Amino acid sequence: MRKKYLAFLLILTILLSACGNREMTQGSEAAAGTDNEKTVWILQEQELPDAEAALQESIAEDEKGRNERWNRLGDTIYRITQIQDSGMVCKGNCVQKLEAPYEKWENFPIYYAELLEDDICYMVGASIGENGHVYMLQESLFPNRQFYLTEWTEEKGYTSRMISAGALSKEVCQEMRSFFVCEDGTVYILTLGGIKILDSEFEEKEEPVLPGVVYQMRYPSATQKGIGFCGNGVSGGLQIWRRGEKEPLFTTDELQMNISDVAVWKENEEGTLTEGFLCTIDGIWQLAPKEGKAENILRFEEQGIYPKALCYADIDKTGGIIMLARTEDKYLLLYVSQETVLQNKTQLEFALTYADTFLKQMVVEFNKRNKEYEIVLRTPQQGENYSDFRTRIQAEVSAGGGPALLSKYAMDLKAAAGKGILRDLTEDFAEEREKMPENLRSAGEANGSYYAVPFRFSIQTLITSSELVGDREGWTMEEMLQCLKKSGVQAAFCGYDSSIVFANIALSGGLGGKFIDRESRTSHFDSEQAVSLLETAADFGDDNGQNFGGQDRIAEGEVLCSCAYISGLNYVREAHGLLQGKEVYIGYPVEDGQSGNIVSGDMIAVNASCKDAEAAVEFIRFLLSEEKQEKIGREACGSNVSNGFPVLSHSLREMLDYAEEEQEKNPGMHQPVLDSTASVELYTLEPVEAEELEQLYTMLLSARPQETNMDGVTDIVLEEVPAYFTGGKTAQEVCDIVQNRVQLYLDEG
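Here, residues in each chain are numbered from 1, in the same order as that chain's written sequence. Where totals are concerned, whole chains, interfaces and linings use all residues; where local detail is concerned, this predicted model gives features only for residues with pLDDT of at least 70, and gives and counts side-chain atom pairs only at 80 or more. To obtain the side-chain values, all non-hydrogen atoms of the structure were used and water was disregarded.

### Section: the overall build of the chain
Quick reminder of the rule: By the criteria applied, helices consist of DSSP H or I runs no shorter than four residues and strands consist of E runs no shorter than two, each listed in order from the N terminus. When accessible area is computed with a 1.4 Å probe and restricted to protein chains, residues below 20% of their type maximum are described as buried, those above 50% as exposed, and intermediate ones as partly exposed. The method behind every accessible area is Shrake-Rupley, applied with a 1.4 Å probe, and residues are considered shielded solely by the protein chains displayed.
Scanning the chain for helices and strands turns up 22 helices and 40 strands. With 749 residues in all, the chain has 52% of them scored as buried. Carbon together with sulfur atoms contributes 46% to the accessible area of the chain, which is approximately 33800 Å² in total.

As structure tokens, then:
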């Protein structure tokens, strides 16, 4: 962790120095020193350690931090939170302090019974005063409504003063946006209705009338003179004011401020606004004071970051923007500054149907590091469906053009490899393949050559309950049909109609199935067993519910199993909660006694016609680096949805070790899941036990790749079998047609 921080700090120092030696330009790009250079805005990020997990070390087991406020003073980050028990009763406060290199939080808790006359209070707000002390506004709830100003320093701890009766009201506190304590003790309180000022003795002072709608109060700093305000003027456009002045420092009709946005600005010695930015959860807009213009310079989505809230923002002395952002499952320290880069970097297209957050982040990071090349994601155009997109990519690559990098979702890579239009990656990734589990080494291999590389993987399986299948850990087709008929369920698979039921059982989800002889390449879909299976499938289709999930219906005995893509521990936790520990990852029916689970890798191939193949290979190698594989593993352990497991053996093992160590520290691993009314607890998410982690590890290593040509066979089956279910043909007639088409397909393949 320390090495990562030092690397981040080194980059940050270089960026700060660079920014300090040139004037900031407007816009996302600007001309630099030479014809082949441009100035761009660069985002650096660092994930902060889990503050809530750190808090648990200093409070009772049934207590948690709630109603948090974040701030920053110098290089130190503060989290001020309320301590609540399991009954949501407010018990105290805790100031948490995180100093560079941002590795470990320090906790300074205090309980109301020790601090105030009242045992139960509520923290209305928190901020850092002009003197650098932490301040909290507290409202007592019982027996009488009182307000307190609590001050904290590391040297003296907590002290509280009661605010004079009548100086504050419940209504003021409910509308409060922020407050600030000046060096002389004056308290400024910004509400939705205006500003309230209390002197050091909590006596009311004259309240200035603020124009427009004010959302933010900004305190004096090294870059700002006096207290300022930001919001929307009477005309509706963004405006910035300084206290006591009627004329705004800045105004524009091109942008409006929302209540969750944070404006930051810089003033010169004369108090004139020289530059400013509006930071939002979508991105950053640069303000041009003289022109009254606003221009977007950065969008977080393009950086692979999706903030849910901005906790803090400021401009440092060199003009960089520092922010604290909360995403779905973590807090990030962000730094945005300008850097000179080459104007004409060679672009390499990467074709894929969908780019998730991780891939977007990796592309951004690779592009920052590489001075000559940049990866450009190419996804379906607006209104273009996946099938048309794949057809277009296939045509371009077949004609000797097309994207440099190809995802398996953008193109049939096996078919492309057979045509010789993909680069042979055998030598490029010989070392990386040796570091992968055996079942992943064969993924992307055809005719002894390696044509595609997985950078993460998931498992496709069938999940059921031991109450329906007993102590089975796997099954054959006959055993699955027995369970289907004896269990009393209404459907075989959650959300799948009879056609897919037949295809999944007949072809073992793509592993080949009983009706395909892989060695002799012969089909047996005209057999009595195939006809019988088709007739059985007619009785066990399901038109109710979604294709994936449905464990609640398994628990209720409505369906036998659910098709599952396991791409992280959160799925395992959810299945465990819904099926109350009776879940069985039984896999698809197979006849050879091996695993019925299918390994599904996120595969990337390189276009054989790519002129910059080494750069394309370098990007794949970047995804396979230990650092990025560790990131994939840690995301798979999180309490949110992830997109797969790491493909390197040691990273996979480290992921499970990390999960075992970290799960108990994360309160998000112990949480009830409520119904849509938020009043009924359906089940509880719990950590995955050590024994279950080992079972998962075994399943990940034993899963098998889908057989070659199974997609084409599946398409044929799904095209023909509906004729039986609609009454157009008999089961035997349908099976004969399937037999002829599949055999022809196998002969031609």
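### Digging into the pattern of salt bridges
Pairing of side chains with opposite charge becomes possible as their charged atoms draw close. Going by this rule: When a carboxyl oxygen of Asp or Glu is within 4 Å of a side-chain nitrogen of Lys or Arg, the pair counts as a salt bridge.
Enumeration according to the criterion identifies 41 salt bridges in this entry. A salt bridge links E275 to K266; its shortest N-O distance comes to 4.0 Å. A salt bridge links R634 to E630; its shortest N-O distance comes to 3.5 Å. With R634 and E630 both in helix α17 (residues 626-637), this residue pair falls 4 residues apart, about one helical turn.

### Thoughts on the nonpolar core
What counts, and what does not: The nonpolar core is taken to be a set of buried Ala, Val, Leu, Ile, Met, Phe, Trp, Tyr and Cys residues, with the residues joined through side-chain atoms within 4.5 Å.
Counting residues in each nonpolar core, the largest one holds 114 residues, and the members touching the most others are F493, F525 and L560. Among the elements that take part in this core, helix α16 (residues 613-623) stands out by supplying 8 residues, more than any other. Core analysis: the next-biggest nonpolar cluster, separate from the first, contains 20 residues, I305, M323, L332 and L334 among them.

### Overview of helix α5 (residues 357-369)
The cut-off we apply is this: By definition here, a helix of n residues has an expected span of 1.5 Å times n minus one.
Taking 1.5 Å per residue, 13 residues should reach 18 Å; α5 reaches 19 Å between its end C-alpha atoms and fits that length. Of the positions making up α5, those classed as buried are F358, L359, K360, Q361, M362, V363, V364, F366 and N367.

### Some words on the sheet that holds strand β19 (residues 273-279)
What counts here: Two strands are said to pair when DSSP picks up at least two bridges between them. Between N-to-C directions, angles span 0 to 180 degrees; the directions come from axes that are lines fitted to C-alpha atoms, helices contributing only their stretch in contact.
In space, the 4 strands of this open sheet follow the order β18-β19-β20-β21, with antiparallel pairing throughout. Only two strands of the sheet have a single partner each, and these edge strands are β18 (262-267) and β21 (293-299). Looking at each pair of strands side by side, their axes are set apart by 20° on average, direction ignored. As paired elements, β19 and strand β20 (residues 283-288) share 4 bridges and run antiparallel to each other. The residue of β20 that forms the bridge with G276 is L287.

Everything listed here is a matter of coordinates, which is why it stays silent on function.
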